[in-house]
There are 2 protein chains.
Amino acid sequence: MRTVTLTKETTKDILENLLKRSPNQYGSYETAVREILAKIQEEGDGALFAYTKKFDRAEITEQNVRVTDEEIREAYETVDPALVDVIRKSLVNIRNYHEKQKQNSWFTSSEDGTMLGQKVTPLEKVGVYVPGGKAVYPSSVLMNIVPAKVAGVDRIIMTTPPGPDGKVNPSTLVAANEAGADEIYKAGGAQAIGALAYGTQSIPKVDKIVGPGNIFVALAKKAVYGHVSIDSIAGPSEILVLADDSANPRFVAADLLSQAEHDELASAILITTSRELAEKVSCEVDEFVKRLSRKEIIQKSLDQFGYILLAETMDQAVEAANAIASEHMEIVTRNPFEVMMKVRNAGAIFIGEYSSEPLGDYFAGPNHVLPTNGTAKFFSPLSVDDFIKKSSIVYYSREALKKIHKDVEQFAASEQLTAHANSIAVRFEGEE
Amino acid sequence: MRTVTLTKETTKDILENLLKRSPNQYGSYETAVREILAKIQEEGDGALFAYTKKFDRAEITEQNVRVTDEEIREAYETVDPALVDVIRKSLVNIRNYHEKQKQNSWFTSSEDGTMLGQKVTPLEKVGVYVPGGKAVYPSSVLMNIVPAKVAGVDRIIMTTPPGPDGKVNPSTLVAANEAGADEIYKAGGAQAIGALAYGTQSIPKVDKIVGPGNIFVALAKKAVYGHVSIDSIAGPSEILVLADDSANPRFVAADLLSQAEHDELASAILITTSRELAEKVSCEVDEFVKRLSRKEIIQKSLDQFGYILLAETMDQAVEAANAIASEHMEIVTRNPFEVMMKVRNAGAIFIGEYSSEPLGDYFAGPNHVLPTNGTAKFFSPLSVDDFIKKSSIVYYSREALKKIHKDVEQFAASEQLTAHANSIAVRFEGEE
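Keep in mind it's a predicted model, so treat the numbers as computed, not measured. The residue numbers shown here count from 1 along each chain, following its written sequence. For this description, chains carry letters from A and ligands carry numbers from 1, given in the order in which they are written. Selection of residues for local features in this predicted model requires a pLDDT of at least 70, selection of side-chain atom pairs for listing and counting requires 80 or more, and totals for whole chains, interfaces and linings are taken over all residues. For the side-chain quantities, the full set of heavy atoms in the structure was used; hydrogens and water were omitted.

What follows concerns the nonpolar core. The biggest cluster of nonpolar side chains holds 251 residues, and the ones touching the most others in it are Leu359(A), Leu359(B) and Tyr396(B). Residue contacts follow a heavy-atom distance rule, with two residues in contact if any of their heavy atoms lie within 4.5 Å. Excluding anything up to four places from it in sequence, Leu359(A) contacts Tyr354(A), Ala364(A), Val394(B), Tyr396(B), Leu401(B), Ile404(B), Val408(B) and Ile424(B). We define a nonpolar core as any set of buried Ala, Val, Leu, Ile, Met, Phe, Trp, Tyr and Cys residues linked to one another through side-chain atoms lying within 4.5 Å. Relative accessibility decides the category of a residue: with a 1.4 Å probe and only protein chains considered, values under 20% of the type maximum give buried, values over 50% give exposed, and everything between is partly exposed.

On to the UniProt feature "binding site: substrate" (unreviewed entry) in chain A, then. UniProt positions are given in the numbering used here, feature names are shortened, and annotations may be inferred rather than shown by experiment. The UniProt record marks Ser237(A), Gln259(A), His262(A), His328(A), Asp361(A), Glu415(A) and His420(A) with the feature "binding site: substrate" (unreviewed entry), using the residue numbering of this structure. These annotated residues cover 184 residues of sequence, and their C-alpha atoms reach 55.9 Å apart at the extreme, placing them across more than a single site. Under the DSSP-based scheme used, a helix requires at least four consecutive residues in state H or I and a strand at least two consecutive residues in state E, with every element numbered from the N terminus. Mapping Gln259(A) onto the fold places it in helix H10 (residues 249-260). By relative accessible area, which is 0% here, Gln259(A) ends up buried. Apart from the residues within four sequence positions on either side, Gln259(A) is in contact with Ser237(A), Glu238(A), Ile239(A), Ala266(A), His328(A), Glu357(A), Asp361(A) and His420(B). Residue position: His262(A) is located in the loop between H10 and strand E10 (267-272). Apart from residues no more than four positions distant in its own chain, His262(A) is found in contact with Tyr137(A), Ser237(A), Arg294(A), Ile297(A), Leu417(B) and His420(B).

So, on to the side chain of Ser229(A). Position of Ser229(A) among the secondary structure elements: in strand E8 (residues 229-230). Among the residues examined, Ser229(A) registers a relative accessible area of 4% and is labelled buried. Setting aside residues no more than four positions away along its own chain, Ser229(A) makes contact with Asp207(A), Lys208(A), Ile209(A), Phe378(B) and Phe379(B).

The subject of this paragraph is the interface of chain B and chain A. Counting from both sides, the interface comprises 121 residues of chain B and, opposite them, 122 residues of chain A. Whenever Lys or Arg places a side-chain nitrogen within 4 Å of a carboxyl oxygen from Asp or Glu, that contact is recorded as a salt bridge. Seen at the junction of chain B and chain A, the total is 12 salt bridges. Taking the shortest distance from any N to any O, the salt bridge between Arg34(A) and Glu30(B) comes out at 3.3 Å. Between N or O atoms, a polar contact is any pair within 3.5 Å; within protein, one atom must be a potential hydrogen donor and the other a potential acceptor, and residues adjacent in sequence are included only when both atoms are from side chains. Linking chain B with chain A are 72 residue pairs in polar contact (both at pLDDT 80 or more). The leading source of residues in the side of chain B that touches chain A is helix H16 (residues 398-414) of chain B, at 9 residues. In the scheme used here, Gly and all other residues not listed as nonpolar or charged are polar, with Ala, Val, Leu, Ile, Met, Phe, Trp, Tyr, Cys and Pro taken as nonpolar and Asp, Glu, Lys and Arg as charged. Residue composition of the side of chain B that touches chain A, grouped by class: 59 nonpolar, 33 polar and 29 charged. The pairing of strand E14 (residues 388-396) of chain A with strand E13 (residues 348-351) of chain B spans 4 bridges and is parallel. By the bridge assignment, Ser392(A) is partnered in E13(B) with Ala348(B). Note on pairing: DSSP must find at least two bridges between two strands before they are called paired.

Pasting the structure below:
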């Protein structure tokens, strides 16, 4: 990890370096992804199974593409029952938090006969993508399915790539079943996104696709956006710790490493007003790395995208943090709630020295699917909002329209839209 | 307008025909748009002004790219004061409606020392694109700016193409000023979207871009999505009227035409259980078209994408309407509120025979920027939600973490993320 003094210039350089991790920079895979999507749209299942053979080396057909109840039962036999217990405890917290996000339809009315409102409706069909391969994250399955379930989505359709034996990872299946997936299909990569976006003979077309994935999945989601909806495009994980001299350097170091271990492109940043803390954290990081199982990934991540930034004041630190807009932010200062009030841009904010970031990944309840790569400036955590949509409601009585019909006609006429004006005027023709 | 009996097959054919209007089908312009965006990103103002010269035939420089207070004053001198009055009345309604959409931050806490919450923050900088040329829609300026203003966005930055004289349409300027735009720049097309997404010397980079535009603008917005946020991609306008034999055929015909006049690609659909109404509406449409100023556009729109659909029952009509997911829906039946309850997919729903759709375009208050082309299945009207984002808040006390730390460690360990587990364990090391 580099230690750098925080200035306007260093902030700018860091922001530029961090943006190198963006999926927007991987244009070279776009052609391949478009070809896959086009083939799925044209040929459906045939193309899907051919890609599954090619990329996952699995023989999938109409007969075995959908995970059966029997396969789910088998999965429970191989997963540690203690993990199933933890998943269930975690699910209670995740459900409780997301229940609070539910929005109601509303209306207002007036006695002269107008009613305006907003109707909230859950999406009908949602696709949840779950990556396969070596990195299997049942926690991510919970985080993607629960908000859809709480929103009231009719059909939650999960896809995940099979192994060469045609089987899906058992903890993925257990997590999906516990969270409430309605249907699970064996498909991965851009071809799975294509199947969910366009539908095939086996896999239903959905209204929205969520869930993390590799660069092919991310580009495929971007390509089908508009045809269906998607969640925000996930980038490599990030943590930013704001700390003063009251922070425990050992805790801070451990938390920085928890995100660095995700990915060589992950970023861990400490911004502190204390040079002493900076030095101690740097030492603790070096100590910890030696004994962590993913030390090579961690080292590459820290070398490329790890920073310890020295700030003059906490306000300067917060300003830089707002510019970076990290996925995860920890505030470990004497007055963490006051600092939090000044934070504009962060996916999730962890307050105080016992609110370690992985607590949020697994257990506390808020969603761990968060905006990355500076997009916390405009995107939100995955939530129930992602699985509902709204319709405006307008009712005017004859009396109410009559009072203002001339205004509407004039506005329409000013835009030269005579058929618009006519549609109002026709209701009062011959009256004046 | 064709009259067709509603069946599963005819619904499928109609959906396919309507989707032909989607911007997803215009891949051929993508290369041109990408080239423009890349040039703007590399060269900034220089490229922007060169494109403005090429496409808008206007000489724009750093000196005159931003609209001055003097230009706004001049605009007020040329706009009909009666229109300014209507704009102000309309603004009151639009603001009142959008105020009701505001969401609060919230938190929950427990006595053992956990606090969870969701913090709502307005976006800092938003770009509003306003088309120029012959079709000037001050109503659209209001609808795009007001929700951003109500959300509390710091800087609302508008761009609109100049005419060859380097001036911006006066009603656009008046509407922007009344609604509360903070800065207005003379730039249009894909180059304006590039300027807002990447920033140039003159135009600030924004967090989100909203506003309608031609195919170049739509493709540019799609291309920069992820780098900045965008509103949903607007397609041609649509109206779908659900009516029974109680409806006034003259009103229905006038309302169908109000959307058909927007664009040759616009779509106007009546679904009715009454053959008599169908016939009468068809006659009224033919009558009205003759005397409307935009009759050529209307005729093309009706020929290509206009339908009168005969349904056996209102339930069948609603089912088809949900499959079409129209931008605007009118319900003109004996029991319109009951029918509304069955509607899942529509951008805005107008209830009863005096709630003519153009009332919503100009005056009632709900936003007229609505999901088109079937996207009402998953997108919502433009709203205050588009101009805020959320951050999760997590606080755990030492006691609260201690109670559950083994669970979190086990979950992390099951995912082979040892640094995650370590970050929790380190807080209790040597205790057990």
